[in-house]
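Observations on the model geometry
Letter by letter, the chains look like this.
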Amino acid sequence: MSGNMNITLKVWRQKNTSDKGRFETYQVPGVSPDMSFLEMFDVLNERLVAEGKEVPIAFDHDCREGICGMCSLFINGRPHGPNDGVTTCQLHMRSFKDGDVIVVEPWRAAAFPVIKDLAVDRSSFDRIMSAGGFISVNTGNAQDANNLPIGKEIADEAFEAATCIGCGACVAACKNSSAMLFVGAKVSQFALLPQGQPERKQRALAMVNQMDAEGFGACTNTGACSAECPKEIPLTVIARLNREYLGAEFCGK
Amino acid sequence: MNWLIKTLNSSIGQKVIMSLTGLFLCSFLIIHMIGNLQLFHDDYGLAFNKYAAFMTTNPLIKVVSYLLYASILFHAIKGLHLVYKNNQARPVKYAVNNGKANSHWSSRNMGILGTMLLVFIAVHMSDFWYEYKFGDVPHTQYAVSLETGEIMTDTIPAGMKLHNKIEDVIANGKHIYVVKDLYKEVSVGFKEWPLVLLYVLSMFALSFHLYHGFSSAFQSLGINHSKYSGLIRFIGLWFFSIIIPLAFAAMPVYFFIS
Ligand code: SF4
Ligand code: FES
């Protein structure tokens with residue numbers, strides 16, 4: 001088809017967590033500009049399966065519509081590729097040019113070990129969530145929503161924080177592999193709303209402790225996380241996380 | 001006390017330490033700059049030498065200065081430790097990393113900039129601070145005419161007992177000061193181009209360090225709000241990363257060319 005592109009991919013291949021890993025180069029001819037980045041990988045993988053010489057490339061994906069947070073990939077030096085505010089599944093090949101060489105690496109962080117090829121283990125995020133990223137709800141009827149008046153601005157701010165899909169691009173982008181944007185978003189969405197108040201202090205402490213225990217680095221406010229976040233979570237959530245944590249440590253029990 | 005140690009050792013606690021010591025150093029820079037502007041007075045260094053004597057003898061300032069040395073050390077050691085630890089959080093590096101697409105260069109190189117400043121501080125303090133306190137900086141006598149305000153320098157009368165204080169007497173219609181002549185050390189020292197170059201380059205490092213550091217310190221303390229963050233960034237850019245380094249860099253350059 002006219003308008004199709006020939007792409008050269010340099011892909012990180014790694015058999016398992018303990019394998020050292022290396023780059024492999026693949027030519028992918030006839031890529032449609034309307035394909036998503038992941039669809040290009042599907043095409044390549046089908047070919048690898050048909051050829052039978054190599055196992056297909058492992059990469060994470062699920063919804064493919066930018067809402068689940070499962071896809072990843074560090075593309076030409078940036079998480080989720082060159083465009084702002086989109087996940088890799090929403091990145092289209094029209095963002096590249098015919099003849100481009102694209103380097104694809106997994107998220108790299110001690111807390112995100114590579115499982116295979118481009119797929120990393122992000123269960124450290126799950127452990128941070130189970131440490132405190134929840135509210136305890138007793139059973140029984142839900143109370144009338146109007147009993148809990150919440151100002152529009154607060155609701156919007158909480159919602160903005162809650163749009164974090166837990167993809168880990170913030171960690172991948174950060175030179176310190178810090179998870180503070182993610183944790184800040186999760187702490188913010190609860191700290192701003194009445195339902196989050198009972199466990200507010202405990203939550204901030206538990207989530208930060210778990211974050212540190214997982215081996216994420218310490219934030220130095222470079223702002224790379226927010227710039228690369230597909231949901232454009234602002235740095236103010238990290239400032240709030242600092243306040244919540246320090247408040248809980250200095251004023252809590 | 002346990003909780004305090006734990007808090008300060010947490011990732012957020014470390015930011016707070018860097019932030020508070022950093023802001024304290026920023027406040028010192030303001031004082032240091034204003035004081036050093038006396039170098040530009042056309043008075044054979046009288047104002048500057050009086051200021052230097054005051055800064056080294058006033059008991060309150062002495063206490064604050066020990067706090068300052070401790071802060072410099074703490075900020076540097078903690079900072080280097082953080083660079084090391086954060087480096088460990090990513091054992092395998094990216095082959096391609098386009099950092100400039102998402103963050104400012106200075107924010108990614110605070111460790112390097114800080115190390116440059118540490119080296120600078122060591123050279124700077126051994127050249128002037130150490131010399132002034134422990135070396136043999138000669139004394140100079142100034143005579144200021146009470147009538148005309150005219151300033152004259154004089155050699156020290158033989159046999160006069162000298163110590164690190166301002167001798168301040170009025171005699172024969174003249175105000176006589178005897179002080180250690182740090183001004184001379186400065187004006188002679190800055191005739192050497194390698195030293196001037198080091199100072200000017202270091203002020204570039206200072207500029208970039210503070211461009212990120214000043215506003216970052218507030219973010220670390222949880223202070224980030226659309227109402228005042230613009231002002232913090234404005235002060236960080238114009239005052240701390242332009243005016244202060246420029247004023248400091250002007251001093252060696254002034255003595256070099258004058
Ligand atoms: S904060 Fe943004 S980049 Fe980080 S996990 Fe959430 S959505 Fe992904
Ligand atoms: S696959 Fe679900 S966000 Fe990309």
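Residues numbered from 1 in each chain as written. Chains lettered and ligands numbered in written order. Predicted model: local features only at pLDDT ≥ 70, side-chain atom pairs only at ≥ 80, totals over all residues. Heavy atoms only, no water.

A few points about the overall build of chain A
Along the backbone of chain A there are eight helices and seven strands. Seen along its three principal axes, the alpha-carbon backbone of chain A occupies a region of about 60 × 40 × 35 Å. Residues counted as buried form 51% of the 253 residues belonging to chain A. Long-range pairs, those at least 24 residues apart, make up 68% of the contacts in chain A between residues at least 6 apart in sequence. As presented, chain A carries roughly 11,200 Å² of accessible surface, and 51% of it is formed by carbon and sulfur atoms. (Helix = DSSP H or I, 4+ residues; strand = E, 2+ residues; numbered from the N terminus. Buried < 20%, exposed > 50% of the residue type's maximum accessible area, 1.4 Å probe, protein only. Contact = heavy atoms within 4.5 Å. Areas by Shrake-Rupley, 256 points an atom, 1.4 Å probe, with all protein chains shown as cover.)

Regarding the interface of chain A and chain B
Taken residue by residue, the interface counts 47 residues in chain A and 34 residues in chain B. In total, chain A and chain B occlude about 3,200 Å² of area from one another, counting both sides; carbon and sulfur atoms represent 55% of this. Ranking the residues of chain A by area buried against chain B places Arg108, Asn221 and Glu249 of chain A at the top, with a combined share of 17%. Run the count over chain A and chain B and you get one salt bridge. Glutamate 249 of chain A is paired through a salt bridge with lysine 6 of chain B; the nearest N and O atoms lie 2.9 Å apart. In this structure, the connection of chain A to chain B is made through 27 residue pairs in polar contact (both at pLDDT 80 or more). Taken together, the elements giving at least two residues each to the side of chain A that touches chain B come down to β5 (101–105), α4 (169–173), α6 (200–213), α7 (224–228) and α8 (236–251) of chain A. If one sorts the elements of the side of chain A that touches chain B by residue count, α8 of chain A sits on top with 10 residues. Of the residues in the side of chain A that touches chain B, the class split is 26 nonpolar, 13 polar and eight charged. (Buried area = accessible area lost by both parts, 1.4 Å probe. Salt bridge = Lys/Arg side-chain N within 4 Å of Asp/Glu carboxyl O. Polar contact = N/O pair within 3.5 Å; in protein donor to acceptor, adjacent residues only side chain to side chain. Nonpolar A, V, L, I, M, F, W, Y, C, P; charged D, E, K, R; others polar.)

Some thoughts on the domain arrangement of chain A
All names here are of chain A. One can read the domain layout of chain A as domain 1 (5–116) and domain 2 (123–250). Between the C-alpha centres of domain 1 and domain 2 there is a distance of 29 Å. Facing the 19 residues of domain 1 at the interface are 20 residues of domain 2. Carbon and sulfur atoms supply 57% of the area buried between domain 1 and domain 2, which totals about 1,300 Å² over both sides. (Domains from an automatic or database assignment.)

Observations concerning the site of ligand 1
Residue and element names in this part refer to chain A. Around ligand 1, a shell composed of 13 residues is seen, among which Cys164, Cys167, Gly168, Cys170 and Cys229 lie nearest. Among the elements of the structure, α4 and α5 (180–191) are those that each provide at least two residues to the shell around ligand 1. Taken together, the residues of the shell around ligand 1 break down into 11 nonpolar, two polar and no charged. (Near = heavy atom within 4 Å.)

A short note on the sheet that holds strand β3 (residues 167–171) of chain B
All names here are of chain B. Ordered by their spatial adjacency, four strands build an open sheet running β2-β1-β4-β3, and the pairing between neighbours is antiparallel. Looking at which strands have only one partner, the edges of the open sheet turn out to be β2 (151–154) and β3. With strand direction ignored, the average angle separating the axes of adjacent strands in the sheet is 25 degrees. In terms of strand pairing, strand β1 (residues 139–145) meets β2 through four bridges, oriented antiparallel. Its bridge partner being in β2, glutamine 141 is matched across the sheet by aspartate 154. (Pairing = 2+ DSSP bridges. Axes fitted to C-alpha atoms, helices over the stretch in contact; angles between N-to-C directions.)

A closer look at the environment of glycine 77 of chain A
Along the chain, glycine 77 of chain A turns up in the loop between β3 (74–75) and β4 (78–79). Distance from glycine 77 of chain A to isoleucine 102 of chain A, taken between C-alpha atoms, is 9.5 Å for residues 25 residues apart in sequence. Excluding its chain neighbours within four sequence positions, the residues that come into contact with glycine 77 of chain A are Val96, Asn97 and Asn98 of chain B.

A look at the pattern of salt bridges
Residue and element names in this part refer to chain A. Tallying each qualifying case throughout the model produces 17 salt bridges over all chains. A salt bridge links aspartate 60 to arginine 122; its shortest N-O distance comes to 3.2 Å. Residue aspartate 60 is located in the loop between α1 (37–51) and β3, and its partner arginine 122 is located in the loop between β7 (119–120) and α2 (123–132); the two are separated by 62 residues in the primary sequence. Pair check on accessibility: aspartate 60 and arginine 122 agree, each one buried.

Things to note about helix α9 (residues 229–257) of chain B
In this model α9 of chain B runs 40 Å from its N-terminal to its C-terminal C-alpha over 29 residues, within 8% of the 42 Å that 1.5 Å per residue would give. Along α9 of chain B, the helix axis deviates most sharply at glycine 236 of chain B, where the bend reaches about 25 degrees. (Expected span 1.5 Å × (residues − 1). Bend = angle between axes of the 7 residues up to and from the residue.)

Considerations on the sheet that holds strand β1 (residues 5–13) of chain A
Residue and element names in this part refer to chain A. Within the open sheet, the five strands sit side by side as β2-β1-β5-β3-β4. Their pairing is mixed. Taken across any chain shown, the strands that pair with only one partner, and hence form the sheet edges, are β2 (22–31) and β4. Two elements, β3 and β5, share two bridges in a ladder whose sense is antiparallel. Bridging from a neighbouring strand, isoleucine 75 pairs with valine 104 of β5.

Focus on the confidence of the model for chain B
Residues and elements named next belong to chain B. For chain B, the mean per-residue pLDDT works out to 91, and 97% of the residues sit at or above 70. Mean pLDDT across the secondary structure elements of chain B bottoms out at β3, with 76, and peaks at helix α8 (residues 193–220), with 97. Interface confidence for the predicted complex, given as ipTM, is 0.92, next to a pTM of 0.93. (pLDDT = per-residue confidence, 0-100.)

Concerning a nonpolar patch on the surface
Residue and element names in this part refer to chain B. Together, Trp105, Trp193, Leu197, Leu201, Phe204, Phe208, Val253, Phe256 and Ile257 make up a nonpolar patch on the protein surface, roughly 950 Å² of accessible area in all. Every element with two or more residues in the nonpolar patch is listed here: α8 and α9. Considering every element that reaches the nonpolar patch, the biggest residue donor is α8, with five residues. In this fold, valine 253 is placed in helix α9. (Patch = residues over 30% accessible without salt bridge, like charges linked within 9 Å, V, L, I, M, F, W, Y side chains within 5 Å.)

A word on the domain arrangement of chain B
Residue and element names in this part refer to chain B. As assigned here, chain B comprises domain 1 (2–135 + 183–257) and domain 2 (138–180). Summarising the inter-unit geometry, the C-alpha centres of domain 1 and domain 2 are found 35 Å apart. Taking both partners together, domain 1 and domain 2 bury about 1,100 Å²; carbon and sulfur atoms supply 64% of that area. Summed over the three residues of domain 1 that lose the most area to domain 2, namely Tyr44, Leu46 and Tyr132, the buried surface amounts to 44% of that side. Counting across the interface, domain 1 meets domain 2 through zero salt bridges. Between the two partners, domain 1 and domain 2, sit four residue pairs in polar contact (both at pLDDT 80 or more).

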